[in-house]
Amino acid sequence: MSTRENRLKDTDIRLSEATAGDFFALLKPRVMALAVFTAFVGLMAAPGAMNPVIAVIAIGAIAIGAGAAGALNMWYDADIDALMSRTSKRPVPSGRVTPGEALGFGLVLSALSVITLGVLVGWLAASLLAFTIFFYIVIYTMWLKRSTPQNIVIGGAAGALPPVIGWAAATGAIGVESFILFLIIFLWTPPHFWALALFKVGDYAAAGIPMMPNVVGLASTRKQIFAYSLLLAPIGVLPWAFGFASEFYGIVSTALGAGFIWHAWKVLIAPEEEMKPAKALFAFSIFYLFAIFAILLADTIAMRASTSTGVDGKTAVNGILVG
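All figures in this text were calculated on a predicted structure; none of them were measured in a lab. (Residues numbered from 1 in each chain as written. Predicted model: local features only at pLDDT ≥ 70, side-chain atom pairs only at ≥ 80, totals over all residues. Heavy atoms only, no water.)

**Q** I'd like to hear about helix 3 (residues 52–76), residue by residue, with values.
**A** With 25 residues, helix 3 should cover 36 Å at 1.5 Å per step; its first-to-last C-alpha distance of 36 Å lies within 8% of that length. Structurally, the start of helix 3 carries an N-cap: the backbone nitrogen of Val-53 is 2.8 Å from a side-chain oxygen of Asn-51. (Helix = DSSP H or I, 4+ residues; strand = E, 2+ residues; numbered from the N terminus. Expected span 1.5 Å × (residues − 1). Polar contact = N/O pair within 3.5 Å; in protein donor to acceptor, adjacent residues only side chain to side chain.)

**Q** Could you give me a rundown of the environment of Val-267, with the residues and numbers involved?
**A** Assignment of secondary structure puts Val-267 in helix 14 (residues 247–269). The exposure class assigned to Val-267 is buried, which follows from its relative accessible area of 0%. When neighbours within four sequence positions are excluded, Val-267 is seen to be in contact with Leu-198, Arg-222, Ile-225, Pro-277, Ala-278 and Leu-281. (Buried < 20%, exposed > 50% of the residue type's maximum accessible area, 1.4 Å probe, protein only. Contact = heavy atoms within 4.5 Å.)

**Q** Please provide a residue-by-residue account of the nonpolar core, values included.
**A** One finds Leu-43, Leu-117, Ile-184, Trp-194, Tyr-288 and Phe-293 to be the most contacted residues of the largest nonpolar core, which totals 90 residues. The residues touching Tyr-288, leaving out its near neighbours within four places in the chain, are Trp-188, Leu-232, Gly-236, Leu-256, Gly-257 and Phe-260. (Core = buried A, V, L, I, M, F, W, Y, C linked by side-chain atoms within 4.5 Å.)

**Q** Quick rundown of helix 8 (residues 162–171)? Include the residues and the values.
**A** Burial of helix 8 is extensive: nine of the 10 residues sit out of reach of the surface. Restricting attention to buried positions, one finds in helix 8 the residues Pro-162, Pro-163, Val-164, Ile-165, Gly-166, Trp-167, Ala-168, Ala-169 and Ala-170. Of the residues trailing helix 8, Gly-172 is marked for its positive phi of about 75 degrees.

**Q** Quick one: what's the story with the side chain of Asn-151, residue by residue and with numbers?
**A** With respect to the helices and strands, Asn-151 occurs in helix 7 (residues 151–160). A distance of 3.2 Å separates the side chain of Asn-151 from the backbone oxygen of Lys-145, its partner in a polar contact. What Asn-151 contacts, discounting residues up to four positions off in sequence, is Tyr-140, Leu-144, Lys-145, Gly-156, Ile-209, Pro-210 and Met-211.

**Q** Just give me the short version of the pattern of salt bridges, but keep the residues and values in it.
**A** With the rule as written, the count across this model stands at five salt bridges. Measuring nitrogen to oxygen at the nearest pair gives 3.0 Å for the salt bridge that ties Arg-146 to Asp-77. Here Arg-146 is found in the loop between helix 6 (123–143) and helix 7, whereas its partner Asp-77 is found in the loop between helix 3 and helix 4 (78–81), with 69 residues between them in sequence. You can call Arg-146 partly exposed: its relative accessible area is 30%. Across the pair Arg-146 and Asp-79 runs a salt bridge whose closest N-O atoms are separated by 2.9 Å. Of this pair, Arg-146 sits in the loop between helix 6 and helix 7 while Asp-79 sits in helix 4, placing them 67 residues apart in sequence. Under the relative-accessibility criterion, Asp-79 is labelled partly exposed at 43%. Salt bridges here are not isolated pairs; linked through shared partners, they connect Asp-77, Asp-79, Lys-145 and Arg-146. (Salt bridge = Lys/Arg side-chain N within 4 Å of Asp/Glu carboxyl O.)

**Q** Could you give me a rundown of the packing of aromatic side chains, with the residues and numbers involved?
**A** By the definition in use, this model includes 13 aromatic pairs. Aromatic side chains Phe-284 and Phe-287 sit 5.9 Å apart centroid to centroid with 50 degrees between the ring planes, which places their arrangement in the tilted category. Here Phe-287 and Phe-284 lie together in helix 15 (residues 276–303), a separation of three residues that amounts to about one turn. In this structure an aromatic cluster arises from ring pairing among Phe-260, Phe-284, Phe-287 and Tyr-288. Just above the ring of Phe-199 sits the side chain of Lys-279; from NZ or CZ to the centre is 5.7 Å. (Phe/Tyr/Trp six-rings, centres within 6.5 Å; stacked < 30°, edge-to-face > 60°. Lys NZ or Arg CZ within 6 Å of the ring centre and 35° of its normal.)

What follows is the structure, given as structure tokens:
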């Protein structure tokens, strides 16, 4: 919470003027929403049936854990956030929330999310959530982000784990299917963020963050964006190839992958000073990831439209035990 220098009757107590919105902003709601959505798709795509109450608890715990990671990231990155136009108005650098309060908020939410997921759902999923928070804060935020242009490549593992956590919450195991979902997000992350870095290169330079364009130059970054796009497109089709998505998913994911490659090609051949293709790729990449997982979710529901009778006369619908 941020505070003003208001004093209470000659004491050292200061009044906080932070709002609920400031705390909500600490959670990085857009990033949190993506993590929750992909975790939910992982949970729904997993085989078997899951009690709906346990499913809601699992997704809620994952949401809290993702928000906790966002708060801890904002606590540690407040110094460089203050130097970039894209992040300078976040709660901590703007002074609405103090670093100590952001730290405490993030730690409490982290513990709450992991313990809740472990006790009420399963300890494999809880361990994966704890590892995700640790990896995002310690490995990515504290180490990789400020030390190597491969920060996004390696650090992308944290953002790619939510569907694996969802799958583990539903099954108590990690399947090859969940690893494929992990790979889709993992390979999507570099071209997505490097496209942003191309037209925000000045921000990252001012903050001293070694993003790829600042270290190897714009031309090399464009080539790497295109290379990762070529890897991503076929990986996006693997859910169909491995049999846990329909032919319809295969067709749509192929078209989406082709669209991603086309946008990356436009970035590759654009003049160095032209940033419209990079902005277009950045926007399309967001649409791509949402569409891939949304279609997989719809496909999963459609494939399970015919209910199967389970134990005790209950039925499993879309992987959730009901009745």
